[in-house]
Every structure is written in C-alpha cells, then in structure tokens.
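# Overview (structure and organization)
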Amino acid sequence: MEMRQLEYFVAVAEEQNFTRAAERLHISQSGVSARIRQLERELGAELFDRSSRTVTLTVAGKAALEHARAALAAVDAIGRSVDEVTELVRGRLTVGMVVGCTLTPLFEALADFHEAHPGVEISLLEDSSDRLTEGVRTGTVDLALIGTATAAPDGLHALTIISERLVAAVPPGHPLARQRRVSLGDLTPYPVVCMPPGTGLRAVFDQACAAQQFHPSIAMQAGAADAIADLAARGLGVAVLSESMAAAHRYRLTARTIDDVDTPALLALIWKNPRNLAVREFLAHSRRAFAGFPAMRDQETAGASGEGVQRLR
C-alpha cells in the first residue's frame with residue numbers, strides 16, 4: 001500500500017467524482033482509477049459504489065476513510081517537523097533590545113541559544129521601545145526586549161521580566177528629599193529630567209500626567225539612566241526613574257516613590273509569531289536565564305524586581 005494510493009482514495013471520497021478528484025490531483029482520470037483499483041485489490045474489497053454519476057463510499061470505504069486521513073496527516077506532520085528543524089538549523093533570528101540594556105541574562109540567553117543552535121544566524125540591534133515594537137509587528141524583528149506601559153502591546157505576545165514603580169530621585173539636600181511621600185503635584189515647582197518619548201518609562205509617566213492633567217516642566221531628556229541620574233545629582237532637575245534605576249545611584253540620590261502613579265513600568269520580551277521555532281527556542285533559553293526575576297509572568301504585571309537592574313526603558 002502506497003501513500004499516493006491513500007491520497008487518491010481520500011480525494012475521490014471528498015470530491016465524490018473521479019474527474020474532479022483527478023483535476024484536484026493534477027493527473028489523468030485513468031491514473032486515479034487505476035490506483036484506486038489497485039488499492040481495492042490489495043484490501044480485498046471495493047471502496048466505492050460506482051453505479052451512479054455520484055461516487056459514494058461503500059461500507060468498507062467508510063471504514064477505511066478515517067484511517068487513510070490519519071495516515072496522510074501523520075506523514076504531513078513528519079514533513080512539518082523536519083522542515084521546522086531544517087529551518088532552525090539554517091535559519092536567522094533577529095533580536096532587538098532597548099538602547100543601553102545591561103541585563104546580563106539577555107546576553108546569557110543569546111549565548112546559550114547560539115551554543116545550542118550554532119547554525120542559526122543571530123542579529124542583535126538596539127533601538128527605542130516604540131521602534132522595536134513596530135519592528136516586531138512588521139516582522140523585521142523576531143523578538144525584542146522593550147520597556148512598556150502595558151503588559152502586552154496590542155497584537156503581540158509578551159513575557160514580563162521586570163515590573164517597577166516610578167520614583168522621583170533628587171540629591172540629599174533637595175526639598176523633596178525631606179518629604180516622606182511624593183506625588184506628581186509635588187514636582188510642579190521643579191524641572192524634570194526623564195527618558196525621551198518612545199521609551200516605556202516615559203510612556204508610563206506621560207499617561208499618568210495626562211490622567212491627572214498635570215503638565216510637568218521637562219527640562220532635559222536622556223536615553224540612559226546614568227545620564228539622567230548625573231544630571232539630577234548636579235541639581236539640574238528631578239529625575240524620573242524606575243526603582244532599580246534610582247537604587248543604582250543611592251549613594252548620591254534620594255528616591256521617593258511617586259505615590260499617585262500606580263501603573264508600573266515594565267520590561268518585557270515581546271514577539272508576534274509563536275509558531276516560529278527559533279523564537280520558541282530563544283524564549284525557552286530566556287525563561288531559564290531570567291528565572292530569578294519575580295516579575296517574569298506572561299502578559300501580566302507582578303511585583304517589583306530586586307536591586308541591580310539598572311536599565312528599564
């Protein structure tokens with residue numbers, strides 16, 4: 001018994017006509033008829049009632065149809081599995097990361113993936129969170145580590161790595177350093193130093209300000225947390241950072257959680273195509289690499305991470 005015979009048998013059963021089945025299979029009608037006759041001889045039973053213009057299954061044919069379809073599906077599955085492995089071995093993976101990322105688990109995941117799949121060409125690029133998100137949506141980037149104000153950008157899958165509150169960070173002698181609690185309104189008299197538009201942290205800050213109709217005086221913008229901290233330490237403005245960003249500069253800045261900004265800033269891995277084998281494999285390595293991060297939950301926020309995470313954009 002050949003798989004081609006089963007393919008012809010299923011086609012005739014579904015079309016209920018030898019001519020239409022032959023057209024579907026792009027072969028002659030006589031070729032289909034000959035293969036079906038051969039299959040019937042091998043099985044010792046007629047599979048079709050040919051007494052009318054519409055070909056119908058016999059009792060034996062009905063009994064065989066389900067198994068024939070299952071056999072063809074199994075062969076197709078084998079082919080897809082081989083194709084996936086071949087694609088992975090010879091494929092390409094483009095990973096994006098937010099500018100200035102220093103999360104070593106991401107680099108560990110890249111190294112582990114490369115060791116496990118040396119045939120895959122890996123591309124790594126830096127950009128703003130907004131542009132990386134658009135790249136994932138359009139398919140130019142397979143997977144990206146971004147800062148975001150939402151657990152999963154529309155139409156994409158996400159793995160949350162970090163979830164943190166926003167803080168106002170100022171030098172020890174600043175008036176805000178003497179307050180136990182800080183709200184957005186308390187920033188009114190002071191210039192603000194923060195991330196530029198297109199970053200996840202800035203999106204959280206802008207959304208909170210818009211919700212409260214608060215218009216901050218943004219004096220300076222920088223894409224690196226260290227730069228923002230340096231500017232604030234020199235008295236050039238109140239730094240708006242995440243908890244871990246500010247914690248890295250605790251020796252020169254006093255941080256106060258902004259009480260009325262409830263939405264956390266998130267750092268997340270995002271991707272579009274969950275069927276991409278290379279993406280699935282890289283995610284598996286990433287989950288292991290980021291296993292110590294308490295906020296690592298799919299498409300939902302969690303508690304703040306520990307100290308030492310210095311970049312959240």
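### Looking at helix α2 (residues 18-25)
Listed as buried for α2 are F18, A21, A22 and L25. Burial along α2 is one-sided: seen end-on, the buried residues are contained in an arc of 100 degrees. Along its buried surface, α2 packs onto α1 (3-15), α3 (29-43) and β1 (48-49). Sitting at the amino-terminal end of α2 is N17, which places a side-chain oxygen 2.8 Å from the backbone nitrogen of T19. Positive backbone phi, approximately 60 degrees, marks H26, located one or two places after α2.

### Quick look at the layout of surface pockets
By volume, the largest pocket amounts to about 160 Å³. Taken together, 15 residues line the largest pocket, and the ones lying closest to its centre are D130, T133, G147, T148 and A149. Of all the secondary-structure elements, those providing two or more residues to the lining of the largest pocket are α6 (129-138), β5 (143-148) and α7 (200-211). The leading source of residues in the lining of the largest pocket is α6, at four residues. Each residue belonging to the lining of the largest pocket can be placed in one class, and the counts come to four nonpolar, nine polar and two charged.

### Describing the sheet that holds strand β9 (residues 217-221)
Spatially, β9-β8-β10-β7-β11 is the arrangement adopted by the five strands of the open sheet, whose pairing is mixed. In the strand order of this sheet, the two ends are held by β9 and β11 (254-257), each with one partner. Across this sheet, the average inter-strand angle for adjacent strands is 35 degrees, counted without regard to direction. Alignment of strand β7 (residues 166-170) against strand β10 (residues 238-242), held across four bridges, turns out to be antiparallel. Each bridged residue has a counterpart across the sheet, and for L166 the counterpart in β10 is S242. Contacting β7, β8 (191-194), β9 and β10, α7 runs over the sheet at an angle of about 115 degrees to β10. Lying on the sheet, helix α8 (residues 225-233) is in contact with β7, β8, β9 and β10; it crosses β10 at an angle near 150 degrees.

### Observations concerning the pairing of β5
For a regular strand, side-chain orientation follows a simple rule: the groups alternate between the two sheet faces. In terms of residue burial, β5 counts as a mostly covered element, since six of its six residues are buried. Both faces of β5 are covered, namely the face carrying L143, L145 and G147 and the face carrying A144, I146 and T148. In terms of strand pairing, strand β3 (residues 92-98) meets β5 through three bridges, oriented parallel. What sits directly across from G96, in β5, is A144.

### Comments concerning the side chain of S286
Tracing the backbone through its elements, the reader meets S286 in helix α10 (residues 277-289). If we ignore the near neighbours within four places in the chain, the residues touching S286 are A109 and L269.

### Observations concerning the packing of aromatic side chains
Applying the stated criterion to the full structure yields three aromatic pairs. Taking the centre distance of 6.0 Å and the plane angle of 70 degrees together, the rings of F18 and F48 count as edge-to-face. Placement of the pair is F18 in helix α2 and F48 in strand β1, with a sequence separation of 30 residues. Take F18: its relative accessible area is 8%, and that puts it in the buried class. According to the relative accessible area criterion, F48 is buried, its value standing at 1%. Ring pairing ties together the aromatic residues F9, F18 and F48, which thus form one cluster.

### Digging into the nonpolar core
In this structure, L166, L184, L187, F205 and L241 are the most contacted members of the largest nonpolar core, which totals 36 residues. Mapped onto this core, the elements with two or more residues apiece are β7, β8, α7, α8, β10 and α9 (243-247). The residues touching L184, leaving out its near neighbours within four places in the chain, are F205, A208, C209, Q212, F214, I258, D260 and V261. Among the nonpolar cores identified, the runner-up in size contains 26 residues, and I162, L269, V279 and F282 belong to it.

The rules behind each value
- One numbering rule holds for all chains: residues counted from 1, following each sequence as written.
- In view of the model being predicted, local features appear only for residues whose pLDDT reaches at least 70, and side-chain atom pairs are presented and counted only at 80 or more, with totals across whole chains, interfaces and linings using the full set of residues.
- Excluded from the side-chain calculation are hydrogens and water; included are all heavy atoms of the structure.
- Partly exposed describes any residue whose relative accessible area lies between the buried limit of under 20% and the exposed limit of over 50%, with all areas from a 1.4 Å probe on protein chains only and scaled to the type maximum.
- Secondary structure counts use DSSP, requiring at least four H or I residues in a row for a helix and at least two E residues in a row for a strand, with both numbered from the N terminus.
- Think of the arc as the fan of directions from the helix axis to the C-beta atoms.
- By definition, residues are in contact when any of their heavy atoms lie within 4.5 Å.
- Definition of a polar contact: a pair of N or O atoms within 3.5 Å, with one able to donate and the other able to accept a hydrogen when the atoms are protein atoms, and with sequence-neighbouring residues admitted only if both atoms are side-chain atoms.
- A cavity here means a set of 1 Å grid points, computed over protein atoms only, where a 1.4 Å probe fits but cannot escape. A pocket is an open set with protein on both sides within 12 Å along at least 5 of 7 lines, and lining residues have an atom within 4 Å of a point.
- Grid points are joined across faces, edges and corners, and a volume is the space filled by probe spheres set on the points.
- Each residue gets one of three labels, nonpolar for Ala, Val, Leu, Ile, Met, Phe, Trp, Tyr, Cys and Pro, charged for Asp, Glu, Lys and Arg, and polar for the others, Gly among them.
- Should DSSP find at least two bridges between two strands, the strands are taken to pair.
- Angles here are taken between N-to-C directions and fall from 0 to 180 degrees, while the axes themselves are lines fitted to C-alpha atoms, restricted in helices to the stretch in contact.
- Note on aromatic contacts: the rings of Phe and Tyr and the six-membered ring of Trp form a pair at centre separations within 6.5 Å, being stacked when their planes are under 30 degrees apart, edge-to-face when over 60 apart, and tilted otherwise.
- The definition of a nonpolar core used throughout is a set of buried Ala, Val, Leu, Ile, Met, Phe, Trp, Tyr and Cys residues joined through side-chain atoms within 4.5 Å.

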